[in-house]
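Single-letter residue listing:
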Amino acid sequence: MDGGSGEMTLAFDLEALKRLAHPDAVFSDARQWSEYVGVVSEKPTYVVTNFTRKHRIRQDFFSGPRGRDESLENVRDQFDTPRYVYVGTDEDDEELATSVGWEYLDIVEAADAAGWELGEPEVPGQESDDGRDDWP
């Protein structure tokens, strides 16, 4: 794991990632100022894995079969950084972060501060319909 130069562990809730137009670019950007970046979700592991593979996201950690609270506690135990920030989507996410000793940041605020585009996630390398009709 070759983390960034930052002093932070950054965890995205899967639902927060699904609100970003370019989640792969967001991860790349976050790695510049975070030591560790990963995904937390209550969904089964294969759901997180499918999303991260499809969007070419290389994560330092993910929640696995545990609940989000246990996952965040385990990440905190395994990754020693001065700050732990959880990016989520609603009050429940904020309460969760606070209950396990993480800072909370709403995805809309995070996107605004970092210049990330909100929208339906686009798959990297996916060809858009550019009107070409030269295919057989």
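Cut-offs used in this document
Residues numbered from 1 in each chain as written. Predicted model: local features only at pLDDT ≥ 70, side-chain atom pairs only at ≥ 80, totals over all residues. Heavy atoms only, no water. Helix = DSSP H or I, 4+ residues; strand = E, 2+ residues; numbered from the N terminus. Buried < 20%, exposed > 50% of the residue type's maximum accessible area, 1.4 Å probe, protein only. Contact = heavy atoms within 4.5 Å. Areas by Shrake-Rupley, 256 points an atom, 1.4 Å probe, with all protein chains shown as cover. Pairing = 2+ DSSP bridges. Axes fitted to C-alpha atoms, helices over the stretch in contact; angles between N-to-C directions. Right-handed = clockwise from strand over helix to strand, strands pointing away.

As named in an unreviewed UniProt entry, the protein chain is DUF7124 domain-containing protein, taken from Halapricum desulfuricans.

1. Observations concerning the overall build of the protein chain
The secondary structure content of the protein chain amounts to 6 helices and 5 strands. Along the protein chain, helices (α) and strands (β) appear in the sequence β-α-α-β-α-β-α-β-α-β-α when read from the amino end. Per-residue burial for the protein chain yields a buried fraction of 44% across its 136 residues. Partitioning the contacts of the protein chain with sequence separation of at least 6, the portion at a separation of at least 24 is 67%. As presented, the protein chain carries roughly 7900 Å² of accessible surface, and 43% of it is formed by carbon and sulfur atoms.

2. Regarding the sheet that holds strand E3 (residues 61-62)
Sheet architecture is open: 5 strands sit in the order E3-E2-E1-E4-E5, paired in parallel fashion. Looking at the sheet topology across the chains shown, the edges are occupied by E3 and strand E5 (103-106). In this sheet, E3 lies alongside strand E2 (residues 36-40) in parallel orientation, the contact comprising 2 bridges. Paired with Val39 across the bridge in E3 is Phe62. Against the sheet, helix H6 (residues 107-114) makes contact with strand E1 (8-13), strand E4 (83-88) and E5, and its axis sits at roughly 75 degrees relative to E5, the strand it touches most.

3. Focus: the pairing of E4
Successive side chains on a regular strand alternate, one facing one side of the sheet and the next facing the other. Burial runs high along E4: 5 of the 6 residues are buried. Pairing analysis gives 5 bridges linking E1 to E4, with the strands arranged parallel. If you follow Thr9 over to E4, its bridge partner there is Tyr84. Of the pairings in the sheet, the one linking E4 to E5 comprises 4 bridges and is parallel in character. Following the sheet pairing, Val87 is matched in E5 by Leu105. Handedness of the crossover joining E4 and E5 through helix H5 (residues 91-99): right-handed.

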